[in-house]
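# Structural characterization, general
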Amino acid sequence: MRDVKLGILISGRGSNMTAIIEAIEAGQLDASVAVVISNKPDAAGLKVAQSYGLMTIGIDPKDFASKDDYEQQIVRVLTAQQVDVVVLAGYMKILGQPVLAAYPNRVINIHPSLLPDFKGLHAQRQALEAGRAEAGCTVHYVVPEVDSGAIIQQALVPVLSDDTEETLSQRILVEEHKLYPAALASVIAQVKEEQK
Ligand code: GRF
């Protein structure tokens, strides 16, 4: 049986990507990273991925006539690298039909709230403004509606009385780095089962 290949999509620093790479290197995840793609060719996370010897590609939407054309290029790269599971890790664009159709039920994302609460941007700020006692993060399957796919795993983070958006985001991020590899492990196990 061949190993499960991940294609990671990022837009920024890639700390969740790094947590996944580290989990693979520690032998905690039975998978490999086939390629890291960013819509921002200067994303800091691409350099981090390169430092682990991984293949990286910047694909700039501006170089394509339409969003569909841009995503079809992503699909070409993913399929050329025989990617099984697409992992969004701080990928700040809404993923459209080309990638979702090529990878049905095989695209996952992490979001810094306890979904279905606080979808979209500034989820941590939304939780604070709503006066919640608990915040957290969610790994879920990606569907066309933003942050709305089936939940795979969640982690709770208590909101402290003196929390700011920054302090809460930082504590949630610590949990994201544990949750994403753990949730990914269950997806990988499922893919392996189907490959049998
Ligand atoms: C994380 O908070 C993640 O939940 C959200 O975007 C942020 C990405 O951070 N989707 P990083 O690039 O993984 O450090």
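One structure accompanies this document, and this report is about it.

Scoring rules and cut-offs
- Residues numbered from 1 in each chain as written.
- Predicted model: local features only at pLDDT ≥ 70, side-chain atom pairs only at ≥ 80, totals over all residues.
- Heavy atoms only, no water.
- Helix = DSSP H or I, 4+ residues; strand = E, 2+ residues; numbered from the N terminus.
- Rg over C-alpha atoms; globule rule 2.2 N^0.38 Å.
- Buried < 20%, exposed > 50% of the residue type's maximum accessible area, 1.4 Å probe, protein only.
- Contact = heavy atoms within 4.5 Å.
- Areas by Shrake-Rupley, 256 points an atom, 1.4 Å probe, with all protein chains shown as cover.
- Pairing = 2+ DSSP bridges.
- Axes fitted to C-alpha atoms, helices over the stretch in contact; angles between N-to-C directions.
- Core = buried A, V, L, I, M, F, W, Y, C linked by side-chain atoms within 4.5 Å.
- Expected span 1.5 Å × (residues − 1).
- Arc of directions from axis to C-beta.
- Near = heavy atom within 4 Å.
- Polar contact = N/O pair within 3.5 Å; in protein donor to acceptor, adjacent residues only side chain to side chain.
- Nonpolar A, V, L, I, M, F, W, Y, C, P; charged D, E, K, R; others polar.

A word on the overall build of the protein. Of the regular secondary structure elements, the protein holds six helices and seven strands. Relative to the globule expectation of 16 Å for 196 residues, the C-alpha radius of gyration of the protein, 16 Å, shows essentially globular dimensions. A total of 196 residues make up the protein; the buried ones form 49% of that total. Contacts in the protein between residues far apart in sequence, at least 24 positions, make up 65% of those at least 6 positions apart. When the accessible surface of the protein is summed, it comes to about 9300 Å², and 52% of that surface belongs to carbon and sulfur atoms.

Next up on the list: the sheet that holds strand 4 (residues 85-88). In spatial order, the strands read 3-2-1-4-5-6-7; together these seven strands make up an open sheet with mixed pairing. Each having just a single partner strand, strand 3 (56-58) and strand 7 (151-158) make up the two edges of the open sheet. Averaged over all pairs of adjacent strands, the angle between strand axes in this sheet comes to 20 degrees, irrespective of strand direction. Pairing geometry for strand 1 (residues 4-10) and strand 2 (residues 31-38), over seven bridges, is parallel. Bridge assignment links Lys5 to a residue of strand 2, and that residue is Ser32.

One recurring pattern in soluble globular proteins is that nonpolar side chains are buried together. In this structure, Leu6, Ile8, Ile20, Val36, Val87, Ile108 and Leu184 are the most contacted members of the largest nonpolar core, which totals 42 residues. Residue contributions to this core peak at nine residues, all from helix 6 (residues 165-195). Apart from the residues within four sequence positions on either side, Val36 is in contact with Ile8, Ile10, Met17, Leu46, Ala49, Leu54, Met55, Thr56 and Ile57.

Burial analysis of strand 6 (residues 134-141) places seven of its eight residues in the buried class, which makes it a mostly covered element. Sheet topology note: the strand 5 (residues 107-111)/strand 6 ladder contains four bridges and is antiparallel. By the bridge assignment, His111 is partnered in strand 6 with Thr138. Sheet analysis places strand 6 next to strand 7, joined by seven bridges and oriented antiparallel. Directly across from Ala135, in strand 7, lies its bridge partner Val157.

Before going further, it helps to spend a moment on helix 3 (residues 67-80). Its 14 residues place the ends of helix 3 20 Å apart at the C-alpha level, agreeing with the 20 Å of an ideal helix rising 1.5 Å per residue. Taken together, the buried positions of helix 3 are occupied by Tyr70, Glu71, Ile74, Val75, Val77 and Leu78. Relative to the axis of helix 3, the buried residues are bounded by an arc of 165 degrees and lie together on one face. Looking at the buried side of helix 3, the elements it contacts are strand 1, strand 2, strand 3, strand 4 and helix 4 (97-102).

Near the ligand the following residues occur: Arg13, Gly14, Ser15, Asn16, Gly90, Ile110, Pro112 and Glu176. Gly14 has a polar backbone atom sitting 3.0 Å from an oxygen atom of the ligand. Separating a nitrogen atom of the ligand from a backbone N or O atom of Ile110 is a distance of 3.0 Å. Across the complex, the protein chains shield 86% of the 360 Å² of accessible surface that the ligand would expose by itself. Per-class residue counts for the shell around the ligand are two nonpolar, four polar and two charged.

Fair warning: the whole summary comes from geometry, so function is off the table for now.
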